[in-house]
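Report on the structure
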Amino acid sequence: MKTARQAGLIACHFCHTLSKLPEEIESKTQYELKAGKAIIHCPCCQSSLHSRIPNSLGRTWALLLAALILYIPANALPIMTVIYWGEGQPDTILGGVVHLFAQGMWPLALLIFIASVFIPILKLIALFSLLISVHLKVQWRPKDRTVLYRITEFVGRWSMVDIFVIALLVGLVQFGNTASVLPNLGALSFAAVVILTMLAAHSFDPRLIWDAIDDEKSIQDNKSL
Amino acid sequence: MNSNNLNHIASIPSISRLACPDCDLIQTIPPLANNEVANCIRCGATLFKQQKNSINRSLAFAITGLILFIISNLFPLLSLKAIGLTQESSLLSTAFSLLEVNQLLLSIIILLTTFIFPATTLLGTIYILMQIKMNRINCYTAPLFRFLRSTDAWGMLEIFLLAILVAMVKLGDVADVIYGISLYAFCLLILSLSLLSYSLNPHDVWNKLRDSNGCSL
Ligand SMILES: [Zn+2]
Ligand SMILES: [Zn+2]
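Residues numbered from 1 in each chain as written. Chains lettered and ligands numbered in written order. Predicted model: local features only at pLDDT ≥ 70, side-chain atom pairs only at ≥ 80, totals over all residues. Heavy atoms only, no water.

1. Here we look at the coordination of the zinc ion (ligand 2)
Tetrahedral coordination by four donors puts the ideal angle at the metal at 109.5 degrees, and octahedral coordination by six puts it at 90 or 180 degrees. Residue and element names in this part refer to chain B. For clarity, the cut-off: Nitrogen, oxygen and sulfur within 2.8 Å of a metal are treated as its donors, or within 3.2 Å for sodium, potassium and calcium (Na, K, Ca); water is not counted, so a site can appear incomplete. By the criteria applied here, four donors are tetrahedral when all angles lie between 85 and 135 degrees, four are square planar and six octahedral when opposite donors are over 155 degrees apart and every other angle lies between 65 and 115, and any other arrangement is irregular. We count a stretch as a helix when DSSP gives it H or I for four or more residues in a row; a strand needs E for two or more, and each element gets its number in order from the N terminus. Each residue's exposure class comes from its accessible area (1.4 Å probe, protein chains only) as a fraction of the maximum for that residue type: buried when under 20%, exposed when over 50%, partly exposed otherwise.
Around the zinc ion (ligand 2), the protein supplies Cys-20 (SG), Cys-23 (SG), Cys-40 (SG) and Cys-43 (SG) as donor atoms, at distances of 2.2 to 2.4 Å. Of note is the zinc ion (ligand 2), whose four donor atoms meet at the metal with angles of 100 to 115° in an arrangement that counts as tetrahedral. Read in sequence order, the donor residues for the zinc ion (ligand 2) give the motif C-x2-C-x16-C-x2-C. Note that Cys-23 is positioned in the loop between strand 1 (17-19) and strand 2 (26-28) and Cys-43 in the loop between strand 3 (37-39) and strand 4 (46-49), a separation of 20 residues in sequence. For the pair Cys-23 and Cys-43, a shared accessibility class is recorded, and that class is buried.

2. Some words on the sheet that holds strand 6 (residues 85-89) of chain B
As a reminder of what qualifies: Only strands that DSSP links by at least two bridges are regarded as paired with each other. Angles here are taken between N-to-C directions and fall from 0 to 180 degrees, while the axes themselves are lines fitted to C-alpha atoms, restricted in helices to the stretch in contact. We call two residues in contact whenever any of their non-hydrogen atoms come within 4.5 Å of each other.
Here we have three strands laid out as an open sheet, ordered 6-5-7 (chain B), and antiparallel in their pairing. Only two strands of the sheet have a single neighbouring strand rather than two, namely strand 6 and strand 7 (176-179) of chain B. Geometrically, the sheet is characterised by an average inter-axis angle of 25° between neighbouring strands, direction not taken into account. Sheet analysis places strand 5 (residues 78-82) of chain B next to strand 7 of chain B, joined by four bridges and oriented antiparallel. Among the inter-strand pairings, Ser-79 of chain B is bridged to a residue of strand 7 of chain B, identified as Ile-178 of chain B. Of the strands in this sheet, strand 5 and strand 6 of chain B are in contact with helix 7 (residues 161-172) of chain A, which crosses strand 6 of chain B at around 145°.

Without other data, these values stay purely geometric and don't point to any function.
Below, the structure is given as structure tokens:
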């Protein structure tokens, strides 16, 4: 069994058509191929072809660090202010969860806790450890790490639920001084964290997890020959 | 792009030999029965789904979805009654209400994820599937489908439905929450969108596009 890269083929990211590397490309340096510079286009869907997502690690790191920085204001600043009879009460993400608990709405509190606290932290840690494991060429449990990546990519969007709730409350609760809801800067920071981690997950290439194993194997095959 | 482009396709007719999108291992897909799924032997990724009639069914779900999307935008999704006043909100008004409180960026994010991306997904999918059915594939079909595939994750209507439920519970204590035909249509819209993403088999669409040669490059 061979990978597409070992067989001199490139699979299109979108339509999965396998293309052969033309001769003029084989003569290019291995470095350029590894950097994944798009040299040819997919004959089926015209997408630019690269064996791995170009500069996947660099881009994922940049997006992840940006998300990590914005994670601080997202949690420290209030996300919305509920004004009741002229008195404002700003709430942070955690403050909102605690509030719901105090009001006895614990299923709701649990839902918001999972979507707004648990999933973002899980995503940041998962992407961070995936990046480190690829850098260190770790060969430990590649299948489980791929599953971890898939979970990270799948659940990330659901953190947006709190942002949508704020947007709905802002639109609905507009009764002047009696009761109104205003969004705060924390909400924008949190939305940015969700979007940046989604982009980071998209730019990570799970095939890099397997490259460490495939490269090791081909070195051993060469030795035994 | 060069003229001998087709010479470097390694597998033309239909995909029987695939590289796993998650681990790059090349595998041969055995002939599958209807509704059978081929998984990667190494990492477990779904490589191929065999589905009969996927294009017709997807077209039906997409058209149903578009009708429901229009209905759920015609009337307010939720209304709130307090101190003798009624406030209404719909998909678009939710995005625009953030504009009124000077949150331009948040407003754009909401507008894109709850209106623009879902609308382009529905319209684009209908357009492409119609083109395939009527054999009118042109140079823009493949790039359009590529665009739809890459923006798929950014339409977040199902998450918005969860947010509506949360808001209803939160507000139910303090005021009267009124909902009507739009919310029912919206729930059905989420159902048809999930059926659409289940029945739409991208491999089927790509195979059709590849076979048609509708665009000479
Ligand atoms: Zn392609
Ligand atoms: Zn695989």
